[in-house]
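Coordinate inspection notes
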Amino acid sequence: MPGFEVFGDEEKKEIMEVLETGILFRYEFGAQRNDVYKVLQFEKNFANYCGAGFAQAVTSGTAALKVALAALGVGPGDEVITQGFTFVATWEAILDIGAIPVFTEVDETLNMDPLDLKTKITDKTRCIIPVHMLGAMARIEEIVEIASSHNIPVLEDTAQAAGGRINGQHLGTFGQCGTFSFDSVKTMTTGEGGMIITNDEKMWRNMSEYHDHGHDHVINPGGRGGEGRSFIGFNYRMMELQGAMGIAQLAKLDSMISAQREHKSRLRKAASAIPGVKFRTLVDEAGDTATFFAFMMQSSDQCEKVNTVLADNGVAAINFSENTWHFYPSWEHLHKGSTLASSGYPFKEPGGKRRVVYDPDVLPRSADIMSRTLVYPVSIKMSEEQLQKMCAALELAANA
Ligand SMILES: *Cc1c(COP(=O)(O)O)cnc(C)c1O
């Protein structure tokens, strides 16, 4: 992470092609656009790259989750299961569509624990959202099997793992659909942007119309179709400049990942000296995008000691149990039910009755894992000097 490190002539060339037409919008203006359709091309390239049938570009990874949930028919009265270690966007989208998020434990993949998932499924569960956090895969095949046995669709939140694979198959193609983010810190970026991939043509058509105010996309996509509308929608349209960025960044994704993999393996080697250290479980090592390096100590005490040495040497690692954006017990606004709506929605029903109450202590196994895990973001252009500094600090920490 992140793709802005390699912003260069390729991105500028794609963007200039849009600026030369002056048409910044993905739909209409056929006469003026000189056949430049960057968002459409980006969708085709992205679907091809992932080996998916269809791709729908949107304005953000959060919008991608929302549009996918809408197309899966999720709404009020439904429960959606996700994991307690994710970015807040995953459950913001669930609440925004009117459903109630239910959180599972993570295991040492740092992703959804399939055993805990089984205990969280109820007759209200309408979707399961495993997240491929920190660049690497959830136990997605097991999760899809459990979900299928209950006839529940799986939406893969692949925001942090574009380009990740299991046995060559792209993350985002195991479930009913997969969503991606191209925001400022993601492995490939379009500034702001998102994508949904699926093999289900009907779902794709519904997403395409929903994200564009419900416009009938009989001729889809590229031009406006009939005047009718089949359902209400919203506006989550990506603009041409983002599509242009996406085309150039996608072409670089595999090379970004291989640079990260090289840097990560250096860090991993240095960290191996820490007594009792374990590495995050990777379902398929070869398909890791290596945007992060996560290593686990035997206890939270040891973890603290190690990180003190790293910090003293100017290379402190992230402990996600202290980070307020990614781990369930730290989401105070979720626990308090803080909302701008004067009715208290989505935490309260009209009339004031609580729809849901979240107890910060219900994920003890995740809390244990997080309290002894340290994480380094791995960037594409790490200098030799920086890498040597980090490796030296890890070796010192091994003797702490
Ligand atoms: C970044 C991210 C999102 C949201 O993406 P935006 O493009 O920032 O809206 C969703 N889920 C996860 C896991 C993320 O990391």
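From a predicted model like this one, the values you see are computed outputs, not experimental measurements.

Conventions adopted
Residues numbered from 1 in each chain as written. Predicted model: local features only at pLDDT ≥ 70, side-chain atom pairs only at ≥ 80, totals over all residues. Heavy atoms only, no water. Near = heavy atom within 4 Å. Polar contact = N/O pair within 3.5 Å; in protein donor to acceptor, adjacent residues only side chain to side chain. Areas by Shrake-Rupley, 256 points an atom, 1.4 Å probe, with all protein chains shown as cover. Helix = DSSP H or I, 4+ residues; strand = E, 2+ residues; numbered from the N terminus. Nonpolar A, V, L, I, M, F, W, Y, C, P; charged D, E, K, R; others polar. Pairing = 2+ DSSP bridges. Axes fitted to C-alpha atoms, helices over the stretch in contact; angles between N-to-C directions. Contact = heavy atoms within 4.5 Å. Buried < 20%, exposed > 50% of the residue type's maximum accessible area, 1.4 Å probe, protein only. Phe/Tyr/Trp six-rings, centres within 6.5 Å; stacked < 30°, edge-to-face > 60°. Lys NZ or Arg CZ within 6 Å of the ring centre and 35° of its normal. Domains from an automatic or database assignment. Salt bridge = Lys/Arg side-chain N within 4 Å of Asp/Glu carboxyl O.

It is worth spelling out the site of the ligand at this point. In the vicinity of the ligand lie 15 residues, with Gly61, Thr62, Ser181, Asp183 and Lys186 positioned nearest. One of the side-chain nitrogen or oxygen atoms of Asp157 is found 2.8 Å away from a nitrogen atom of the ligand. Take Gln160: an N or O atom from its side chain is 2.8 Å from an oxygen atom of the ligand. Alone, the ligand offers 380 Å² of accessible surface; in the complex the protein occludes 93% of this. Those elements that place two or more of their residues in the shell around the ligand are α3 (61–71) and α4 (89–96). In terms of residue class, the shell around the ligand is built from four nonpolar, eight polar and three charged.

A sheet is described by the order of its strands in space; here three strands give the open sequence β3-β2-β4, paired in parallel fashion. In this open sheet, the two strands that pair with only one neighbour each are β3 (100–104) and β4 (125–129). Mean inter-strand twist for the sheet, computed between neighbouring axes without regard to direction, equals 25°. Contacts from α4 reach β2 (79–83), β3 and β4, with the element oriented near 145° to β3.

Burial of α3 is extensive: eight of the eleven residues sit out of reach of the surface. For α3, the full list of buried residues reads Gly61, Ala63, Ala64, Leu65, Lys66, Val67, Ala68 and Leu69. The N-cap of α3, judged by a side-chain oxygen 3.3 Å from the amide nitrogen of Thr62 a few residues on, is Ser60. In the segment just after α3, Gly73 is the residue with positive phi, at about 80°.

For any pair of aromatic rings, the description rests on two quantities: the centre-to-centre distance and the angle between the ring planes. Counting across every chain of the model gives 19 aromatic pairs. With a centroid separation of 5.4 Å and an interplanar angle of 55°, the aromatic rings of Phe42 and Phe182 are classed as tilted. Pair noted here: Phe42 is in helix α2 (residues 38–50) and Phe182 is in the loop between β8 (177–181) and β9 (194–198), with a separation of 140 residues, a long-range link. We note that Phe42, like Phe182, is buried. Ring-pair connections join several aromatic residues into one group, and the members of that group are Trp91, Phe103, Tyr328, Trp331 and Tyr358. When the ring centre of Phe234 is taken as origin, the NZ or CZ atom of Lys66, which lies over that ring, is 5.4 Å away.

Residue Pro346 is bonded to the preceding Tyr345 through a cis peptide linkage, with omega at 10°. With respect to the element layout, Pro346 can be found in the loop between α10 (332–336) and α11 (364–371). Its identity is not glycine, yet Asp35 carries a phi of approximately 65°, on the positive side. You can see Asp35 is positioned in the loop between α1 (9–21) and α2.

A few words on the environment of Thr189. With respect to the helices and strands, the residue Thr189 is situated in the loop between β8 and β9. Thr189 sits in the buried class, given a relative accessible area of 4%. Taking the C-alpha atoms as reference points, Thr189 and Asp359, 170 residues apart in sequence, are found 35 Å from one another. Here the side chain of Thr189 touches Phe182 through a polar contact of 3.0 Å, landing on its backbone oxygen.

Taken domain by domain, the protein comprises domain 1 (3–252) and domain 2 (254–325 + 363–397). On a C-alpha basis, the centres of domain 1 and domain 2 stand 28 Å from each other. Across the salt bridge formed by Arg365 and Glu105, the nearest N and O atoms sit 4.0 Å from each other. Where domain 1 meets domain 2, there are 22 residue pairs in polar contact (both at pLDDT 80 or more).

Moving on, we come to the pairing of strand β1 (residues 54–58). Within β1, five of the five residues are buried, which leaves it mostly tucked inside the rest of the structure. Neither face of β1 is left uncovered, since the one carrying Phe54, Gln56 and Val58 and the one carrying Ala55 and Ala57 both have all their residues buried. Here β1 pairs with β9 via five bridges, running antiparallel. Bridging across to β9, Phe54 finds its partner in Thr198.

A few words now on the sheet that holds β9. One open sheet holds the four strands; their spatial order is β1-β9-β8-β5, and the pairing between them is mixed. Edge positions in the sheet fall to β1 and β5 (155–157), since each has one partner strand and no second. Each strand of the sheet is rotated relative to its neighbour by a mean of 20°, with strand direction disregarded. Set on the sheet, α3 makes contact with β1, β5, β8 and β9; between it and β8 the angle comes to about 160°. Each of β1, β8 and β9 is contacted by helix α7 (residues 201–210), which is oriented at about 20° to β1, the strand it contacts most.

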